[in-house]
Amino acid sequence: MKNSDLYSDAHLVTAAIRVIEHRNSAPASVDNVCQTLSFSIEQGHFICRKLQEMGIIDVVEGAFGTRLFIKNHLKIEEIPKGEKGSSLTEALKKFQNAKKDFTKKIESFQVQQTKKQQDLFAELEKKMKKGPGKKE
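Residues numbered from 1 in each chain as written. Predicted model: local features only at pLDDT ≥ 70, side-chain atom pairs only at ≥ 80, totals over all residues. Heavy atoms only, no water.

1. Focus: the overall build of the protein
Regarding its fold elements, the protein presents 4 helices and 2 strands. From first element to last, N terminus to C terminus, the protein shows the α and β order α-α-α-β-β-α. Within the protein, the proportion of its 136 residues that are buried is 22%. A fraction of 55% describes how many contacts in the protein between residues 6 or more apart in sequence connect residues 24 or more apart. Only carbon and sulfur atoms are counted for the fraction: they give 55% of the accessible area of the protein, which is about 10400 Å². (Helix = DSSP H or I, 4+ residues; strand = E, 2+ residues; numbered from the N terminus. Buried < 20%, exposed > 50% of the residue type's maximum accessible area, 1.4 Å probe, protein only. Contact = heavy atoms within 4.5 Å. Areas by Shrake-Rupley, 256 points an atom, 1.4 Å probe, with all protein chains shown as cover.)

And the structure:
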């Protein structure tokens, strides 16, 4: 897929929702839209979440899955043309960096716990060597 902007993707997604509703006589799902536009599921969810935040579409979860409805297609024109915005790769990098930071915190905590445990065992060993009847 060519590298497109959010403005173009918004037009494609809203058009796909309309076509799927027309063909199936039923509301479109994110999977339907992704298949129609040859988007990955992740990219489809990312774009739909952005459009939902902007008030362009509604994402409704029901008994038959998540369905998409066009709320206000005129708001698409408020999106700057040619602006990449926060792309999926940028969002993925943010997530990976946050995950690395979290992993470092966990490793640091594990090191601290190991040190505490070693200190505790050293203290117990020292007490055991002195014997049960002897006092410090």
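After presenting the structure, the write-up continues.
2. Here's the deal with a nonpolar patch on the surface
Among the surface-exposed residues, L120, F121 and L124 lie close enough to one another that they form a single nonpolar patch of about 300 Å² accessible area. For L124, the location among the structural elements is in helix α4 (residues 88–130). (Patch = residues over 30% accessible without salt bridge, like charges linked within 9 Å, V, L, I, M, F, W, Y side chains within 5 Å. Salt bridge = Lys/Arg side-chain N within 4 Å of Asp/Glu carboxyl O.)

3. Looking at the pairing of strand β2 (residues 65–70)
Bridge count for strand β1 (residues 57–62) against β2 is 6 bridges, and the pairing is antiparallel. Bridge pairing links V60 to R67 in β2. Hairpin remark: β1 followed by β2, antiparallel, with 2 residues in the connecting loop. (Pairing = 2+ DSSP bridges.)

4. Looking at the state of the cysteines
Taken as a whole and judged by the stated rule, the model has 0 disulfides. Note on C34: no disulfide assigned, nearest cysteine sulfur contributed by C48 at a separation of 6.6 Å. (Disulfide = S-S within 2.5 Å.)

5. Some remarks on the packing of helix α1 (residues 6–24) against helix α3 (residues 41–54)
Geometrically, a packed helix pair is captured by the angle between its two axes and the distance between the axes. At a minimum axis separation of 10 Å, α1 and α3 run at an interaxial angle of 95°. Judged by the inter-axis angle, α1 sits roughly perpendicular to α3. Listed contacts from α3 to L6, D9, A10 and V13 of α1 are Q43, I47, C48, K50, L51 and M54. In terms of residue class, the contact of α1 with α3 is made up of 7 nonpolar, 1 polar and 2 charged. (Axes fitted to C-alpha atoms, helices over the stretch in contact; angles between N-to-C directions. Parallel < 35°, antiparallel > 145°, perpendicular 65-115°, else oblique. Nonpolar A, V, L, I, M, F, W, Y, C, P; charged D, E, K, R; others polar.)

6. A word on the side chain of D9
Of note, D9 is situated in helix α1. Owing to a relative accessible area of 6%, D9 belongs among the buried residues under this scheme. Discounting residues that sit within four places of it in the chain, D9 has contacts with S4, F39, Q43 and I47.

Honestly, it's all geometry; don't read function into it.
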